[in-house]
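Below, each chain spelled out in residue letters.
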Amino acid sequence: MSTSVRETLSTADMAKALGISEKLLLKIRKQAISPFELGTHYRFQGVTTAAPVRWFPGPTDEAFSSFTRVDPASIETMRGA
């Protein structure tokens with residue numbers, strides 16, 4: 001039986017490693033279409049979803065890097081002048 005625990009990073013450290021803000025990382029996590037899945041890319045530090053999030057660095061970096069970005073032109077809602 002393996003007793004190893006996967007390394008995790010705080011949201012601040014994971015955001016720094018990805019080169020984005022903490023706010024953006026957490027926003028992406030909560031989006032309907034997100035590259036991050038609970039248990040694969042992150043976990044909660046406590047027993048509730050109000051607990052701080054801990055990130056698995058390898059899978060999170062891979063998911064963030066390979067995620068298909070949205071073309072801003074495809075969501076533009078204002079007509080040109």
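Let me sum up the structure you'll find in this document.

Calculation criteria
Residues numbered from 1 in each chain as written. Predicted model: local features only at pLDDT ≥ 70, side-chain atom pairs only at ≥ 80, totals over all residues. Heavy atoms only, no water. Helix = DSSP H or I, 4+ residues; strand = E, 2+ residues; numbered from the N terminus. Buried < 20%, exposed > 50% of the residue type's maximum accessible area, 1.4 Å probe, protein only. Areas by Shrake-Rupley, 256 points an atom, 1.4 Å probe, with all protein chains shown as cover. Axes fitted to C-alpha atoms, helices over the stretch in contact; angles between N-to-C directions. Parallel < 35°, antiparallel > 145°, perpendicular 65-115°, else oblique. Contact = heavy atoms within 4.5 Å. Nonpolar A, V, L, I, M, F, W, Y, C, P; charged D, E, K, R; others polar. Arc of directions from axis to C-beta. Pairing = 2+ DSSP bridges.

**Brief notes about the overall build of the chain**
No. 1: Scanning the chain from terminus to terminus reveals three helices and three strands.
No. 2: For the chain, the α and β elements follow one another from N to C terminus as β-α-α-β-β-α.
No. 3: Sorting the 81 residues of the chain into buried and exposed places 27% on the buried side.
No. 4: Only carbon and sulfur atoms are counted for the fraction: they give 55% of the accessible area of the chain, which is about 6,200 Å².

**Points about the packing of helix α1 (residues 11-18) against helix α2 (residues 22-30)**
No. 1: α2 packs onto α1 with a crossing angle of 100 degrees between their chain directions and a minimal axis gap of 8 Å. Between α1 and α2, the angle falls in the class roughly perpendicular. Where α1 abuts α2, its residues T11, A12, M14, A15 and L18 lie against E22, L25 and L26.
No. 2: Along the lines of polarity and charge, the residues of the contact of α1 with α2 split into six nonpolar, one polar and one charged.

**Topic: helix α3 (residues 57-66)**
No. 1: Those residues of α3 lying buried are T60, A63 and F64. When α3 is viewed along its axis, its buried side chains cluster within an angular range of 95 degrees and face the same direction. What points out from α3, more than 90 degrees from its buried face, is the exposed set E62, S65 and S66.
No. 2: On its buried face, α3 is in contact with α1, α2 and β3 (53-55).

**Description of the sheet that holds β3**
No. 1: Spatial strand order, β1-β3-β2: three strands in an open sheet with antiparallel pairing. Whereas interior strands pair on both sides, the edge strands pair on one side only; in this sheet they are β1 (9-10) and β2 (42-44).
No. 2: Across three bridges, β2 lies against β3 in antiparallel orientation. Bridging across to β3, R43 finds its partner in R54.
No. 3: Strands in contact with α2 are β2 and β3; relative to β3, the strand with the most contacts, it is inclined by about 95 degrees.

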